[in-house]
Amino acid sequence: MVGYAFMGAAHSQAWRNAGAFFDLPVQPRMNVLSGRNTAAAGEVAQRFGWGDVVSDWKELLTRDDVQLVDVCTPGDTHAEISIAALESGRHVLCEKPLANSVAEAEAMVAAAEQAAAKGIRSMVGFTYRRVPAIALARQLVQQGRIGTIRHVRAQYLQDWLADPATPLSWRLQRERAGSGALGDIGAHIVDLVQYVTGRRIASVTAATQTFVHERPLPVEEGKLGGRGGEQTGQVTVDDTAAFLARLDGGVLGVFEATRFATGRKNAIRLEVNGSDGSIAFDFESMNELSYYDALDGSQTAGFRRILVTEPEHPYVGGWWPAGHLLGYEHAFTHQVVDLVGDLAAGRDPAPSFADGLQVQRVLAAVEGSAESGTWQHV
Ligand code: SOE
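Residues numbered from 1 in each chain as written. Predicted model: local features only at pLDDT ≥ 70, side-chain atom pairs only at ≥ 80, totals over all residues. Heavy atoms only, no water.

Caption draft 1: A look at the pattern of salt bridges. Scanning all chains against the criterion turns up 20 salt bridges. D76 is paired through a salt bridge with R176; the nearest N and O atoms lie 3.2 Å apart. Taken together, the residues span a long stretch of sequence, with D76 in the loop between β3 (68–71) and α3 (78–87) and R176 in helix α6 (residues 174–177) at a distance of 100 residues. Taking the relative accessible area as the measure of exposure, D76 reaches 29% and is therefore partly exposed. The class of R176 is partly exposed, set by a relative accessible area of 26%. Of the charged contacts in the structure, one is a salt bridge between E288 and R305, with a shortest N-O distance of 3.1 Å. Pair noted here: E288 is in strand β14 (residues 288–293) and R305 is in strand β15 (residues 304–307), with a separation of 17 residues, a long-range link. Under the relative-accessibility criterion, E288 is labelled partly exposed at 26%. Linked through salt bridges whose partners overlap, the residues forming this network are K96, R171, D184 and R259. (Salt bridge = Lys/Arg side-chain N within 4 Å of Asp/Glu carboxyl O. Helix = DSSP H or I, 4+ residues; strand = E, 2+ residues; numbered from the N terminus. Buried < 20%, exposed > 50% of the residue type's maximum accessible area, 1.4 Å probe, protein only.)

Caption draft 2: Main features of helix α8 (residues 328–345). For α8, with 18 residues, the first-to-last C-alpha span of 27 Å sits near the 26 Å given by 1.5 Å per residue. Across the 18 residues that make up α8, a large majority, 13, are buried. The first or second residue beyond α8 is G346, which carries a positive phi of 70 degrees. (Expected span 1.5 Å × (residues − 1).)

Caption draft 3: Local environment of the domain arrangement of the protein chain. Segmenting the protein chain into domains produces domain 1 (6–125) and domain 2 (130–326). For domain 1 and domain 2, the distance between their C-alpha centroids amounts to 25 Å. Taken together, the contacts link 10 residues of domain 1 with 18 residues of domain 2. Note on domain 1 versus domain 2: buried area summed over both sides is about 1,200 Å², and carbon and sulfur give 63% of it. For the pair domain 1 and domain 2, the number of links is two salt bridges. The salt bridge partner of D184 is K96, with a shortest N-O separation of 3.1 Å. Counting every contact that joins domain 1 to domain 2 gives three residue pairs in polar contact (both at pLDDT 80 or more). Its residues placed into classes, the side of domain 1 that touches domain 2 shows six nonpolar, two polar and two charged. (Domains from an automatic or database assignment. Contact = heavy atoms within 4.5 Å. Buried area = accessible area lost by both parts, 1.4 Å probe. Polar contact = N/O pair within 3.5 Å; in protein donor to acceptor, adjacent residues only side chain to side chain. Nonpolar A, V, L, I, M, F, W, Y, C, P; charged D, E, K, R; others polar.)

Caption draft 4: Quick look at the environment of D248. In this structure, D248 sits in the loop between β10 (240–247) and β11 (251–258). A relative accessible area of 37% places D248 in the partly exposed class. Taking the C-alpha atoms as reference, D248 lies 37 Å from V2; in sequence the two are 246 residues apart. Aside from chain neighbours lying at most four places away, what touches D248 is R199, R200 and A202.

Caption draft 5: Highlighting the pairing of β10. By the bridge criterion, eight bridges tie strand β7 (residues 201–209) to β10 in an arrangement that is antiparallel. Looking across to β10, one finds that V204 is bridged to A245. The pairing of β10 with β11 spans eight bridges and is antiparallel. The residue of β11 that forms the bridge with F243 is F255. From the end of β10 to the start of β11, which pair antiparallel, there are three residues, and G249 there has a positive phi angle of about 75 degrees. (Pairing = 2+ DSSP bridges.)

Caption draft 6: Structural detail: the packing of helix α1 (residues 6–21) against α8. Relative orientation of the contacting elements α1 and α8 amounts to 60 degrees, with a least axis distance of 8 Å. One element, α1, and the other, α8, form an angle in the oblique class. As α1 runs across α8, the sense of the crossing is right-handed. Every residue of α8 that contacts α1 at F6, M7, A10, H11, Q13, A14, W15, N17 and A18 is listed here: Y328, E329, F332, T333, Q335, V336, V337, L339 and V340. (Axes fitted to C-alpha atoms, helices over the stretch in contact; angles between N-to-C directions. Parallel < 35°, antiparallel > 145°, perpendicular 65-115°, else oblique. Left-handed = near helix turned anticlockwise from the far one by under 90°.)

Below is the structure:
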């Protein structure tokens, strides 16, 4: 693994737990963690059980005990690390968004295609696909339970930047993160909507905004935030992005991604309305899915709350008895379960780098539309 901060911890627990709860065809071994700050990386390695720590990720590509590289760094290094790892014959799991630009994502897809010809596989970490309620939502849509889709409404609402004293971090710098709320959390709802509906975004019209242009430089890093000092620096990304989208098949979508929705911590909300029903989800109640069946008689029709914790529900069988709730980290474990299963079976994992590139193109179209004030094709 390269990187050891927030995503490094989320992925580490997944590598560690997947084989304990699920029957995996092969057991992952957590051989080596790479981080420039070896003291900090060493502490994470010890907590989670990585066998070794190195300061330079290139070293991973010279070792016989590394068959897969998990890229958990900020976006500005995704392309370089992933391409080098694929070219050296290692499978790659890369955090989202795939890259900081369409050009980088295209280069990553080209490397992934060349590697695939040699049986080397790649996946991008749109983890929320593996929340059981989201996977169930997709199944219901595929089964035709809501009929012909007309509307999708997707929001990703956080508030960790609402306080102007929250310090500057890499997520607020264009050269490190590519974009702001758009790429960090907007990318998730773009992927989720396309995953659940099976429809792709074809064109967008958008507005983005930066509310706080200057922030204190950090004196202490936190997972999101930390403490700032006297000196300040420029925010060079969007704080929020809102857009309308036309999807294939005549579906109209409304999207909003923000880190300024005071009181909303990690509210990923998705609603899909079809001719025969609707589904609705909110990550802040992530074990539930709301489902409305328009074919129910009007006397008893209404949204029903499905507690997605039955052993028949996607992924749930590996965990606890019904009603014993799952959390944020479980989706990362499911990601490892799926990836390891695919690698062992010689299947291409999803979402692929090509899926990541398509999301990147949507993000670029949103930025292009926000600048030009016109509809942009993806
Ligand atoms: C920060 O906004 C963040 O950690 C994102 O980077 C993740 O992708 C999201 O899952 C939670 O919020």
